[in-house]
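# Analysis of the macromolecular model
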Amino acid sequence: MGLIYDNPDLAALTLTRLAAEESEGPGALEGRMRSYLDDLGQRNGTGYLELVAITLARIHFKSLDDLARATGADSTTLLDTAETEILGDH
């Protein structure tokens, strides 16, 4: 598993897999994600965690952009809608 620690793209993918396992609702897996992030930070420092966050944001936008292309929607509109929904939840 050492390779994952050296590659922010693979680390982001691992977090995404954990999130997919948790998709039925929050629970114990959030603890697994936090432990994974703690371990990544200890092994590689906070700068590495910043790279993982940047990678996740890029992947998220690419997925959103792919959805926009597939549906004929505008990616900015989809992003605005997601933001509005999140703000409404808080």
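Everything below is about the structure shown above.
Residues numbered from 1 in each chain as written. Predicted model: local features only at pLDDT ≥ 70, side-chain atom pairs only at ≥ 80, totals over all residues. Heavy atoms only, no water.

## Observations regarding the packing of helix H2 (residues 8–21) against helix H4 (residues 46–71)
How we decide: Between N-to-C directions, angles span 0 to 180 degrees; the directions come from axes that are lines fitted to C-alpha atoms, helices contributing only their stretch in contact. For helices the rule is a DSSP run of H or I covering at least 4 residues; for strands it is a run of E covering at least 2, with both sets numbered from the N terminus onward. Working definition: roughly parallel below 35 degrees, roughly antiparallel above 145 degrees, roughly perpendicular at 65 to 115 degrees, and oblique for all remaining angles. The hand of a helix crossing depends on one turn: near helix anticlockwise from the far one by less than a right angle means left-handed, and clockwise means right-handed. The contact criterion used is simple: two residues touch if any of their non-hydrogen atoms lie within 4.5 Å. The nonpolar class holds Ala, Val, Leu, Ile, Met, Phe, Trp, Tyr, Cys and Pro. Asp, Glu, Lys and Arg form the charged class, and all remaining residues, Gly among them, are polar.
Packing of H2 against H4 leaves a shortest axis separation of 8 Å and a crossing angle of 65°. With respect to their mutual orientation, H2 and H4 come out roughly perpendicular. Between H2 and H4 the crossing geometry is right-handed. Each of Pro8, Asp9, Ala11, Ala12, Leu15 and Thr16 in H2 lies in contact with H4, whose residues at this interface are Tyr48, Leu51, Val52, Thr55, Leu56 and Ile59. Split by residue class, the contact of H2 with H4 holds nine nonpolar, two polar and one charged.

## Comments concerning the nonpolar core
Stated formally: Only buried residues count toward a nonpolar core. Its members are Ala, Val, Leu, Ile, Met, Phe, Trp, Tyr and Cys residues joined through side-chain atoms within 4.5 Å. Buried residues are those whose accessible area, probed at 1.4 Å on protein chains only, stays under 20% of the maximum for their type, while exposed residues exceed 50% and partly exposed ones sit between those limits.
Counting residues in each nonpolar core, the largest one holds nine residues, listed as Ala11, Ala12, Leu15, Leu18, Met33, Tyr36, Leu40, Tyr48 and Val52. Listed by contribution, the elements that provide at least two residues to this core are H2, helix H3 (28–44) and H4. Excluding residues that lie within four positions of it along the chain, Val52 makes contacts with Pro8, Ala11, Ala12 and Leu15.

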